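Secondary and tertiary structure notes
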Amino acid sequence: MMDLPDWAKREESYRPDKDRDAFISRSLLRMMEMLKVLRAQAGRRYRGQAGMALALLILLLLAVVTARTPAFLWTVLGGELVLMTALTGAQLRQIVMGALTAALFCLLLILPALIFWSTGPAILLPFKTFLCVTALNLQQYFSWHEITAALRRFHLPPEVIFILDTTLRYLVLLGDQASLLLTSLKLRSVGHNPRKHRAMAGIMGIVMQRSQRLSLEMAEAMRCRCFTGEYPVMAGERRRGPLMGRLILLALLALYAFLYLRLEGFF
């Protein structure tokens, strides 16, 4: 048997200095949360109803903005509360907190008008802001691909649809890359590092380089496939949804149109 040298037999007790890596953990958690939201929304399928729901949303927003009395606004709030009952607790918390933040910011903006020129119709602006932001956040029912396909049916330019769809795809791809880099940085962080901003700057630089490489590869692939700028809707996206879903949306549209005209005093 071969004897080991003394330096190999000597016990070492390496105790690195305590350091905080909360910035890595927070960044990683936020990145994973963003990817979870995007992937969960991509998996939702209320196929065929996104176009009609988008049209109903646009008309409802116009009605909320032009409403002069709070009676119609209360009916809209009731409908939004009914829709939110089907969402999860996390989605509900996100929607309500975002809408309340926007309403509070609107209230701060109109506060001088409320102080110097009494209440008037300006008091309805925070309420309208809350309803509009809540309605926009109810896109949780549909996937991003269905929303972009619905926008295409409204004759939005194909370049805009292509940019939106490609941006959402690359958010997921680059988010995966950033989460892997943050995980490797967290596993390799040993000892005290007073210059943590350099590590984060390095991760951002690597993600930027990979995004440039992916954009060049996509441009070359589009050139090889003779991409002409047309961004048609897939054949599977052209199908209409169930008849019951369309009837429900048409009934909601007719109901809110009647309530708007009746409560606003048009007849």
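Read on for a plain summary of the structure.

**Describing helix 5 (residues 89–116)**
Under the 1.5 Å per step criterion, the end-to-end length of helix 5 is 40 Å for 28 residues, consistent within 8% with the ideal 40 Å. Residues of helix 5 that are buried: Gln-91, Ile-95, Ala-99, Ala-103, Cys-106, Ile-110 and Leu-114. Looking at the buried positions of helix 5, the neighbouring elements they touch are helix 4 (70–84) and helix 6 (124–137).

**Thoughts on the packing of helix 3 (residues 50–66) against helix 4**
At a minimum axis distance of 9 Å, the contact between helix 3 and helix 4 shows a crossing angle of 145 degrees. The crossing of helix 3 and helix 4 is left-handed. Contacts from Leu-60, Ala-63 and Val-64 of helix 3 reach helix 4 at Phe-72, Leu-73 and Val-76. Along the lines of polarity and charge, the residues of the contact of helix 3 with helix 4 split into six nonpolar, no polar and no charged.

**Considering the pattern of salt bridges**
All told, the structure shown has one salt bridge when counted by the stated rule. With a closest N to O distance of 3.6 Å, Arg-68 and Glu-264 form a salt bridge. Of this pair, Arg-68 sits in the loop between helix 3 and helix 4 while Glu-264 is found in the segment after helix 10 (243–263), placing the two residues 196 residues apart along the sequence. The class for Arg-68 is exposed, based on a relative accessible area of 58%.

**What to know about the packing of aromatic side chains**
In total, this model carries three aromatic pairs according to the counting rule given. Relative to Tyr-260, the ring of Phe-72 lies with its centre 5.3 Å away and its plane at 75 degrees, an arrangement referred to as edge-to-face. One end of the pair, Phe-72, is in helix 4; the other, Tyr-260, is in helix 10, and 188 residues separate them in sequence. By the burial criterion, Phe-72 is buried, and Tyr-260 matches it. Ring centres 5.0 Å apart and planes at 55 degrees place the aromatic pair Trp-74 and Phe-127 in the tilted group.

Cut-offs applied
- Here, residues in each chain are numbered from 1, in the same order as that chain's written sequence.
- Side-chain atom pairs in this predicted model are given and counted only at pLDDT of 80 or more, local residue features only at pLDDT of at least 70, and totals for whole chains, interfaces and linings cover all residues.
- For side-chain calculations, the full set of non-hydrogen atoms in the structure is used, while hydrogens and water are omitted.
- To qualify as a helix, a DSSP run of H or I must reach at least 4 residues; to qualify as a strand, a run of E must reach at least 2; elements of each kind are numbered from the N terminus.
- In this scheme, a helix's expected span is set at 1.5 Å multiplied by one less than its residue total.
- Note on exposure labels: buried denotes an accessible area under 20% of the residue type's maximum, exposed denotes more than 50%, and partly exposed covers the range between, all computed with a 1.4 Å probe on protein chains only.
- Contacts are residue-level and defined by heavy atoms, with any inter-residue pair within 4.5 Å sufficient.
- Axis definition: a line fit to C-alpha positions, over the contact stretch in the case of helices; interaxial angles, taken between N-to-C directions, run 0 to 180 degrees.
- Put simply, a crossing is left-handed when the front helix is turned counterclockwise from the back one by less than a right angle, and right-handed when it is turned clockwise.
- Any residue outside Ala, Val, Leu, Ile, Met, Phe, Trp, Tyr, Cys, Pro, Asp, Glu, Lys and Arg is labelled polar, Gly included; the first ten of those are nonpolar and the last four are charged.
- By definition here, a salt bridge exists when the distance from a side-chain nitrogen of Lys or Arg to a carboxyl oxygen of Asp or Glu is within 4 Å.
- Each pair of aromatic rings taken from Phe, Tyr and Trp, with Trp reduced to its six-membered ring, is defined by centres within 6.5 Å and is described as stacked if the planes are under 30 degrees apart, edge-to-face if over 60, and tilted in the remaining cases.

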